Amino acid sequence: MAKIDIFSGFLGAGKTTLIKKLIDEAYRGEKLVLIENEFGEISVDGGFLAEAGVEITEMSSGCICCSLVGDFAKALEQVKEQFRPDRILIEPSGVGKLSDVIRAVQDVGDPELVPGSFTTVVDATRARMYMKNFGEFWCNQVENAGTIVLSRTQGMKEAKLRECVDMLRAHNATAVIVTTPWDELSGAQLREAMENADTLSAELERLAHEAAGGHEECCCGHEHEHEHHHEHEHDHECCVHDHEHEHHHHHHGHDADEIFTSWGAETAREYTEEEIASALAALDSLSCGQAVRAKGYVPAQGGWIYFDYVPGERNIRRGGAAVTGRVCVIGAHLDEDGLKELFHIG
């Protein structure tokens, strides 16, 4: 059985660079096959990736995402039979429509070829220009992505990055968006983002379970009682949505009527430790409802801030980069607008 991952993105966005990083850091030990389809007769990246030990199957009759659905299916079957890969990476032309590639994969109909992640790489510095000039292709790639990985965000002004994310959200409200520069992230973090292994919804579910008196299994594989959680430093590998998320949990443990409200948001905004300390102190004042648990990790000057909160106890520390900042709060009668203002969301 082989998983099929599609890497879309407009010309020059950085698809090949992302694929190579994943090959080097996230897919070790897996037998990989890369199917490339460049717009034109000659692929300029084939030799570059062949050096990484990846088998290259290039098609020369046209664009797989436009007219070669039949040949494409045949090619996938040949790849499966010849190489018996664990994973097939498809890098279509930068001017191809992602929806056509996804449809081509889904139409193969082989139970041993399993659709995996659909990722679009977007150059954050040129997104608006490409949308304006090549909207038919660019928008299709964004709208059909499960994960959007922004490239060239290093040194980008916060307001411009937020504007780019807002523009992407207008076309795709649910995709995971990676805003952190790639050199600050591991291949494993990017892979988890692409595979939706750790979403905001999942984080809120875990936090609600923890607040209800359960255990949390951290990234190191150990379980921790929640009252000691603030003493354990986590390097979360997460994937995120750059938008707000509201979820309501009803727990029927010791108290059948116990109701927790969850609020969470992702943000690319840079914070100071003083801002986080002030927000956590405000939770103790009950100004935004009765918070029983909060945690998060946000960008900061020179690194990342991680924080944990239970009433009367706060822990703020420095940690490794996450794909985008995240804030999660669990409690009763939470004032969501007040929390957004408190944590400078929106």
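This text follows the structure it describes.
As the structure is a prediction and not an experimental result, all values here were calculated from the model. (Residues numbered from 1 in each chain as written. Predicted model: local features only at pLDDT ≥ 70, side-chain atom pairs only at ≥ 80, totals over all residues. Heavy atoms only, no water.)

Draft legend 1. Quick peek at the overall build of the chain. Along the chain, the regular secondary structure elements total 11 helices and 15 strands. Out of the 346 residues in the chain, the part that is buried amounts to 53%. In the chain, once contacts between residues fewer than 6 apart in sequence are set aside, the share between residues at least 24 apart is 74%. Carbon and sulfur atoms make up 48% of the accessible area of the chain, which amounts to about 15300 Å² in all. (Helix = DSSP H or I, 4+ residues; strand = E, 2+ residues; numbered from the N terminus. Buried < 20%, exposed > 50% of the residue type's maximum accessible area, 1.4 Å probe, protein only. Contact = heavy atoms within 4.5 Å. Areas by Shrake-Rupley, 256 points an atom, 1.4 Å probe, with all protein chains shown as cover.)

Draft legend 2. Spatial organisation of the packing of helix α1 (residues 15-25) against helix α8 (residues 187-194). Contact geometry for α1 and α8: axes closest at 8 Å, N-to-C directions at 115 degrees. As judged from the angle between their axes, α1 and α8 are roughly perpendicular. The two elements α1 and α8 meet at a crossing, and its hand is left-handed. Counted together, Leu18, Lys21, Leu22 and Glu25 of α1 and Gly187, Ala188, Leu190, Arg191 and Met194 of α8 form the full contact between these two elements. Grouping the amino acids of the contact of α1 with α8 by side-chain chemistry returns five nonpolar, one polar and three charged. (Axes fitted to C-alpha atoms, helices over the stretch in contact; angles between N-to-C directions. Parallel < 35°, antiparallel > 145°, perpendicular 65-115°, else oblique. Left-handed = near helix turned anticlockwise from the far one by under 90°. Nonpolar A, V, L, I, M, F, W, Y, C, P; charged D, E, K, R; others polar.)

Draft legend 3. Spotlight on empty space enclosed by the protein. Taken as a whole, this structure holds two cavities of 30 Å³ or more when the rule is applied. If you trace the largest cavity, you find it lined by Phe10, Ala13, Thr120, Val121, Val122, Asp123, Ala127, Tyr130, Trp138, Gln141 and Val142. When contributions to the lining of the largest cavity are tallied by element, the ones reaching two or more residues are β5 (113-123), α5 (127-133) and α6 (135-143). Examining the composition of the lining of the largest cavity, we find that four residues originate from one element, β5, more than from any other. (1 Å grid on protein atoms, 1.4 Å probe; cavity = no way out; pocket = protein on both sides within 12 Å on 5 of 7 lines; lining within 4 Å. Points joined across faces, edges and corners; volume = space filled by probe spheres on them.)

Draft legend 4. Fine view of the layout of surface pockets. Estimates place the volume of the largest pocket at around 400 Å³. The class makeup of the residues in the lining of the largest pocket is seven nonpolar, eight polar and three charged.

Draft legend 5. Examining the environment of glycine 331 more closely. Here glycine 331 shows up in strand β15 (residues 325-332). In this structure, the C-alpha to C-alpha distance between glycine 331 and arginine 293, residues 38 residues apart in sequence, is 6.7 Å.

Draft legend 6. Main features of the packing of aromatic side chains. The tally for this structure, following the rule as stated, stands at six aromatic pairs. An aromatic cluster is defined as three or more aromatic residues linked by ring pairs; in this entry it consists of Phe10, Tyr130 and Phe134. Geometry around phenylalanine 137 places lysine 97 over its ring, the cationic atom sitting 6.0 Å from the centre. Cation over ring: arginine 269 sits above tyrosine 271, and NZ or CZ is 4.7 Å from the ring centre. (Phe/Tyr/Trp six-rings, centres within 6.5 Å; stacked < 30°, edge-to-face > 60°. Lys NZ or Arg CZ within 6 Å of the ring centre and 35° of its normal.)

Draft legend 7. Summary view of the nonpolar core. Membership of the largest hydrophobic core comes to 38 residues, with the highest contact counts inside it found for Leu76, Ile88, Ile90, Trp138, Ile148, Leu150 and Leu168. Beyond its immediate stretch of four places on either side in the chain, isoleucine 148 contacts Thr120, Val122, Val142, Leu168, Asn172, Ala175, Val176, Ile177 and Val178. (Core = buried A, V, L, I, M, F, W, Y, C linked by side-chain atoms within 4.5 Å.)

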